[in-house]
Amino acid sequence: MTEKIELKINGLSVTADSGMTILDAALRKGIYIPHLCHHRQLEPIGACRLCLVEIQGEWKKTVISCKTLVKEGMVVLTETPEIQKIRQINVELIVADHDTDCLNCFQNTKCALQRVADHVGMDKKRLDRLKKPDKLLPIDDSNPFFTFNPNRCVLCGICVRTCDEIQNIQAIDFVHRGLGTKVAGFGDRPRLESNCESCGECIVRCPVGALTEKDAVRPTHQVKTICAFCGCGCGVVLGVRDNKLVSARGDLGNKASKGRLCVKGRFGYKFVNHPDRLTSPMVKKDGNFVEVGWDEALDLVADNFAKNKGDKFAGISSAKATNEDNYVFQKFTRAVMGTNNIDHCARL
Amino acid sequence: MAGLATSLGSGAMTNTITELGDASTILAIGTNTTEAHPIAALQVKDAVRKGAKLIVANPKEIELCRFAAVFLQHKPGTDVPLLMGMMRVILEEGLEDKAFIADRCENFESFEKSLEAFDLDTVEKLTGVAQDKIIKAARIYATQTPSSIIYCMGITQHVHGTDNVLAVSNLALLTGNIGKPSTGVNPLRGQNNVQGACDIGCLPNVYPGYQQVTSPDARSKFESAWGVELSDKAGLTHTEIFDALLEGRIKSLYMVGENPVLSEANASHAIEAMEKADFMVVQDIFMTETAELADVVLPGAAFAEKDGTFTNTERRVQRVRKALDPVGEAKPDWWIACELAKRLSAKGFDFSGPSEIMDEMGSLMPTYKGISYSRLEKGSLQWPCPSEDHSGTPFLHAEKFGTETGKGKFMPLEYKKPGEDTDKEYPLLLTTDRSLFHFHSTMTRRVYGLNVLGKEELLNIHPEDAEKLGIADEQMVKVASRRGEVEVKAKVTKKCIVGTVSMGFHFAETPTNLLTCCELDPVAKTPGTKVCAVRIETI
Ligand code: SF4
Ligand code: SF4
Ligand code: SF4
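On a predicted model such as this, the values are computed, not experimentally measured, just so you know.

What counts as what
Residues numbered from 1 in each chain as written. Chains lettered and ligands numbered in written order. Predicted model: local features only at pLDDT ≥ 70, side-chain atom pairs only at ≥ 80, totals over all residues. Heavy atoms only, no water. Helix = DSSP H or I, 4+ residues; strand = E, 2+ residues; numbered from the N terminus. Rg over C-alpha atoms; globule rule 2.2 N^0.38 Å. Buried < 20%, exposed > 50% of the residue type's maximum accessible area, 1.4 Å probe, protein only. Contact = heavy atoms within 4.5 Å. Areas by Shrake-Rupley, 256 points an atom, 1.4 Å probe, with all protein chains shown as cover. Lys, Arg positive; Asp, Glu negative; His and termini not counted. Charge placed at Lys NZ, Arg CZ, Asp CG, Glu CD. Near = heavy atom within 4 Å. Nonpolar A, V, L, I, M, F, W, Y, C, P; charged D, E, K, R; others polar. Phe/Tyr/Trp six-rings, centres within 6.5 Å; stacked < 30°, edge-to-face > 60°. Lys NZ or Arg CZ within 6 Å of the ring centre and 35° of its normal. Domains from an automatic or database assignment. 1 Å grid on protein atoms, 1.4 Å probe; cavity = no way out; pocket = protein on both sides within 12 Å on 5 of 7 lines; lining within 4 Å. Points joined across faces, edges and corners; volume = space filled by probe spheres on them. Pairing = 2+ DSSP bridges. Buried area = accessible area lost by both parts, 1.4 Å probe. Salt bridge = Lys/Arg side-chain N within 4 Å of Asp/Glu carboxyl O. Axes fitted to C-alpha atoms, helices over the stretch in contact; angles between N-to-C directions. Parallel < 35°, antiparallel > 145°, perpendicular 65-115°, else oblique. Left-handed = near helix turned anticlockwise from the far one by under 90°. pLDDT = per-residue confidence, 0-100. Polar contact = N/O pair within 3.5 Å; in protein donor to acceptor, adjacent residues only side chain to side chain. Expected span 1.5 Å × (residues − 1).

Quick notes on the overall build of chain A
Counting its regular elements, chain A contains 9 helices and 16 strands. Its C-alpha radius of gyration of 28 Å places chain A more than 25% over the 20 Å reference for a compact globule of 348 residues. With respect to the three principal axes, the spread of C-alpha positions in chain A is 90 × 50 × 35 Å. For chain A, the proportion of its 348 residues judged to be buried stands at 56%. Taking the contacts inside chain A whose residues are at least 6 apart along the sequence as the reference set, 53% of them involve residues at least 24 apart. Only carbon and sulfur atoms are counted for the fraction: they give 52% of the accessible area of chain A, which is about 15400 Å². Put simply, chain A has 50 plus and 42 minus side-chain charges, and the middle of one group is 3 Å from the middle of the other.

Set out below in structure tokens:
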């Protein structure tokens, strides 16, 4: 049973649920506490140490808010001079090690590191001293759908935990120690050679521009629909730009999938824009297909079907088509063609 | 899905995918879930993470085995003895749900009698699975409840697919693992809208809503709704249609979004049949191998180009929305069929759009009666949804079964040999597989990245068999069955059992279905694609 817990954050009264962390309670109330490694669907690890807060009164101490649960009557300060000092050093260390070519990054304006740096601020002189000469690590673009750029990775571990906790695959982990630490497939191998299933769940959660979809384009509008591949029926939100599909993301509100997608649902929509799509009715004349208009094609089909009504006709419908398509198709076969010779490929 | 309709009164998945996450035991038989139903597989893994026990029964060592408490690697085609063996253990140890059997089931005695033939010695010999594993699996399934069973084509795509399904439903009835949350008998349907296509009557023996075409009441209901006289004779099934084409009994064929050249068991037979058709129309989004054979090809709209609904494997009716205008002159399938109907002077095809079609469906199908586009705007609904104020049904059979008597029906079963025997000439058994990266073929083959990840068909073969035949990993080999032959690259792996090889069917370059067997399950008329005898040669 969750109980309501009253506490104060920065002097504001906050009502939280028992079992919630201070960070979640603050964020829910609209109070920003800088953080990088927190993700609401994953277990907290307290790695980035940016979400430090001070608890006052009898429990007085500085804690990591993503791992500390709320208590009745708690008084929390998210900003103090000491906390600011620690945060600033942490941010500077991360930024010093970061390829800050932001305008060329897909996460630009959506990036958690930009937000943290913006909130905490940096000392330019100190940053310049920390900054190493540009020595970029090689980019892993082995996967056909996404790229991993270690120079933009903040080592938050969200991708590693996603692959473990959400996908139960454990395709990637931290390799090496100290300054050389990075995320990679088992044994520092490229992702394509790991057991990664390309579900893309880690890309969706990466707070910065380290994991990005290849050829990513921002849509002008989005449409909620259902994946066209398997019987799980996952909810997918398709992004559209210039009458083309350019993106797909999981629909969090979908009861079957709860926001998750597999590789086909996330990246497979691209067949819709394929240049091989049939764009016009075609009739075979002397062994070759010739494009014709709808009227000519439909008249020809209707004339031929008229000759073979009854059990000389059969319709085979598709398990990929909609219910409405299939309903009309079986009605056509039964009511117009006069036969029950109708089936689909469910048996296969 | 003929089996479940007999024993439980409904052929659909009894429970909901997300309920799997709360099961205490999951038996996954004949499903390579992580490959074919990845998001359902996540629920299975979630359950294991929370402490559930997973039992995997599969001739091949699949990815899910990493999470399994027991792995039963039975020989292909021996699902019935394996499950009957488990049930025998359950009865011998008194682990059955006696109250459930007495109150909610019938036909128990004759089923119990049929178990006599399945002593564990016999079962071990037939299945190749050690007795202690069968005992362990049986105890877990019966005692750590709620227990769910999931299965897929590994169960249905057999000459004895219906028996396999009945064995699964016997097991659930025996332990009362049905009619409650996180239990049940759950066939995971393959394509996105197989469930819907069945529900709305794309089947030769039933009208929309599984109303029998041979029932005079059902027929007169549809006759008066549609204003025409209807045939009182059940139609031909998919595979029978191809036979009838060959024999010249069927002259015209209208096919939507299907590619039997790749997907039909025994593809060469299907090609020959289609070539014999007087007139064939194919409606699809690509010029498929099958469309090439047609007289007229009509361009259909893709899923993102139309409004409508899909019904997923858990009976969930969900709204599909148009995101794009169709390419070129492509049109939604329903529109095309309506235009043809009008040209043939038929009435009742003036639908203004999918919402109106759904209204007509609801008026004729009791299970969809309460479903409308305005309700779906607020969220999906699981059928049965019999009225406007009904919130849908997450799990079936809560109070009674859908059979005539309302009781769950135990079915006596006997062991039957798999469809095809191996012999000197064809000494190995071939089973077919699915890949995570492909789905049948037409759509996924046209996504560049998916081809990089799942590059080509592979023949999986156990090192012992490979050595005997002198086959090295990645070597090209010829696979021949009694029906045809294909060339493919070999992958030597311990994931297969000795004597059994496996292969997918996603690639036009390697038409696996030239090999497979179209002997039909006598009840469900499902071709036994899963098992066929082959010979492998180096080339
Ligand atoms: S790749 Fe992204 S999610 Fe993974 S550790 Fe780096 S920054 Fe975090
Ligand atoms: S794409 Fe999916 S499987 Fe691959 S590393 Fe990311 S979470 Fe893991
Ligand atoms: S996203 Fe994957 S699991 Fe979900 S419906 Fe599509 S193909 Fe199936």
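Details of the site of ligand 1
If you check the shell around ligand 1, you find 14 residues, and the closest are Cys153(A), Cys156(A), Gly157(A), Cys159(A) and Cys206(A). Looking at the shell around ligand 1, its residues break down into 13 nonpolar, 1 polar and no charged.

Some thoughts on the packing of aromatic side chains
Enumeration according to the criterion identifies 20 aromatic pairs over all chains in this entry. Taking the centre distance of 5.5 Å and the plane angle of 75° together, the rings of Trp294(A) and Trp335(B) count as edge-to-face. Residue Trp294(A) is found in helix α8 (residues 294–307), and its partner Trp335(B) is found in helix α16 (residues 333–343); the two belong to separate chains. You can call Trp294(A) buried: its relative accessible area is 9%. Judged by centre distance (5.4 Å) and plane angle (45°), the rings of Phe305(A) and Tyr254(B) are tilted. Taken together, the residues span two chains, with Phe305(A) in helix α8 and Tyr254(B) in strand β9 (residues 252–256). Residue Tyr254(B) is classed as buried on the basis of its relative accessible area, which comes to 0%. A cation over an aromatic ring shows up here: Arg191(A) above the ring of Phe148(A), its NZ or CZ 4.3 Å from the ring centre.

Regarding the domain arrangement of chain A
You can read the domains of chain A as domain 1 (4–130), domain 2 (217–277) and domain 3 (282–347). The gap between the C-alpha centroids of domain 1 of chain A and domain 2 of chain A is 33 Å.

Some thoughts on empty space enclosed by the protein
In this approach the atoms are scanned with a rolling probe the size of a water molecule, which exposes any empty space left behind. What the rule picks out here adds up to 11 cavities of 30 Å³ or more. Here the second largest cavity is characterised by a volume of approximately 200 Å³. Around the second largest cavity sit 17 residues that line it, and Lys320(A), Ala321(A), Ile285(B), Ala301(B) and Lys306(B) are the ones nearest its centre. When its residues are assigned to classes, the lining of the second largest cavity shows 9 nonpolar, 4 polar and 4 charged.

Topic: the sheet that holds strand β13 (residues 316–320) of chain B
All names here are of chain B. Here 3 strands make up an open sheet; going across it, the order is β12-β13-β14 and the pairing antiparallel. The open sheet is flanked by β12 (308–311) and β14 (381–382), the only strands paired with a single partner. As judged from the 4 bridges shared by β12 and β13, these two strands associate in the antiparallel manner. Of the residues in β13, the one forming a bridge with Thr309 is Arg319.

Concerning the interface of chain B and chain A
On the chain A side, the residues contacting the 151 residues of chain B number 108 residues. Taken together, the two surfaces of chain B and chain A that pack against each other cover about 11100 Å², and 64% of this comes from carbon and sulfur. On inspection of chain B and its partner chain A, the count reaches 8 salt bridges. For Asp311(A), the salt bridge is made with Lys233(B), and the minimal N-O distance between the two is 2.4 Å. The class makeup of the residues in the side of chain B that touches chain A is 85 nonpolar, 34 polar and 32 charged. Pairing analysis gives 4 bridges linking strand β15 (residues 313–316) of chain A to β9(B), with the strands arranged parallel. In the strand pairing of β9(B), Phe313(A) is matched with Ser252(B).

Description of the packing of helix α7 (residues 120–127) of chain B against helix α8 (residues 131–143) of chain B
Residue and element names in this part refer to chain B. Closest axis-to-axis distance for the α7/α8 pair is 9 Å, and the angle between their directions is 105°. Between α7 and α8, the angle falls in the class roughly perpendicular. On the side of α7, the interface is formed by Leu120, Asp121, Val123, Glu124 and Thr127, while α8 contributes Gln131, Ile134 and Ile135. When the residues that make up the contact of α7 with α8 are grouped by side-chain class, the tally is 4 nonpolar, 2 polar and 2 charged.

A word on the packing of helix α2 (residues 81–96) of chain A against helix α3 (residues 112–120) of chain A
Residues and elements named next belong to chain A. The N-to-C vectors of α2 and α3 enclose an angle of 140°; their axes lie 10 Å apart at closest approach. One element, α2, and the other, α3, form an angle in the oblique class. For the element pair α2 and α3, the recorded crossing hand is left-handed. Touching Gln84, Arg87, Gln88, Val91, Ile94 and Val95 of α2 are Leu113, Val116, Ala117 and Val120, all from α3. Taken together, the residues that form the contact of α2 with α3 break down as 7 nonpolar, 2 polar and 1 charged.

Side note on the site of ligand 3
Every residue lining ligand 3 is accounted for by Cys227(A), Phe229(A), Cys230(A), Cys232(A), Gly233(A), Cys234(A), Leu261(A), Cys262(A), Lys264(A), Gly265(A), Pro38(B) and Ile39(B). One finds residues of chains A and B in close proximity to ligand 3. Looking at the shell around ligand 3, the elements with two or more residues in it are α7 (263–267) of chain A together with α3 (38–49) of chain B. A per-class count over the shell around ligand 3 returns 9 nonpolar, 2 polar and 1 charged.

Observations concerning the confidence of the model for chain B
In the predicted model, chain B carries a mean pLDDT of 87, and the fraction of residues at 70 or more is 89%. Here the predicted complex carries an ipTM of 0.88, next to a pTM of 0.88.

Some words on the pattern of salt bridges
If you walk through the whole model with that rule in mind, you get 39 salt bridges over all chains. For the salt bridge of Lys98(B) with Glu96(B), the shortest nitrogen-to-oxygen distance reads 3.7 Å. Since its relative accessible area comes to 53%, Lys98(B) is described here as exposed. According to the relative accessible area criterion, Glu96(B) is buried, its value standing at 14%. Note that Glu339(B) is salt-bridged to Lys342(B), the shortest N-O span being 3.5 Å. Of this pair, Glu339(B) and Lys342(B) both sit in helix α16, separated by 3 residues, roughly a single helical turn. With a relative accessible area of 17%, Glu339(B) lands in the buried category. Given the relative accessible area of 37%, Lys342(B) is considered partly exposed. Salt bridges here are not isolated pairs; linked through shared partners, they connect Asp295(A), Asp299(A), Glu339(B), Lys342(B) and Arg343(B).

Details of the side chain of His269(B)
Residues and elements named next belong to chain B. Considering the arrangement of structural elements, one finds His269 in helix α15 (residues 267–276). His269 gets classed as buried once you look at its relative accessible area, which sits at 17%. In this structure the side chain of His269 is engaged in a polar contact, spanning 2.8 Å, whose partner is the side chain of Asp243. Look past the residues within four positions of His269 in its chain and what remains in contact with it is Phe242, Asp243 and Leu246.

A closer look at the sheet that holds strand β1 (residues 4–9) of chain A
All names here are of chain A. If you trace the 5 strands from one edge of the open sheet to the other, you get β2-β1-β5-β3-β4, paired in mixed fashion. Among the strands making up the open sheet, the edge pair consists of β2 (12–17) and β4 (61–64). Direction aside, neighbouring strands of the sheet carry axes that sit 40° apart on average. The pairing of β1 with β2 spans 6 bridges and is antiparallel. Along β2, the bridge assignment pairs Lys8 with Ser13. Packing of helix α1 (residues 22–29) onto the sheet brings it into contact with β1, β2, β3 (52–55), β4 and β5 (75–77), and relative to β2 it is tilted by some 120°. Sheet contacts for α2: β3, β4 and β5; angle to β3, the most-contacted strand, approximately 165°.

Some points on helix α4 (residues 79–92) of chain B
Given 3.6 residues to a turn, an α-helix orients residues that are three or four positions apart in the same direction. All names here are of chain B. In a regular helix each residue adds 1.5 Å, so 14 residues correspond to 20 Å; α4 covers 20 Å between its end C-alpha atoms and thus fits that length. Burial of α4 is extensive: 13 of the 14 residues sit out of reach of the surface. Following α4 by one or two positions, Gly94 has its phi on the positive side, about 65°.

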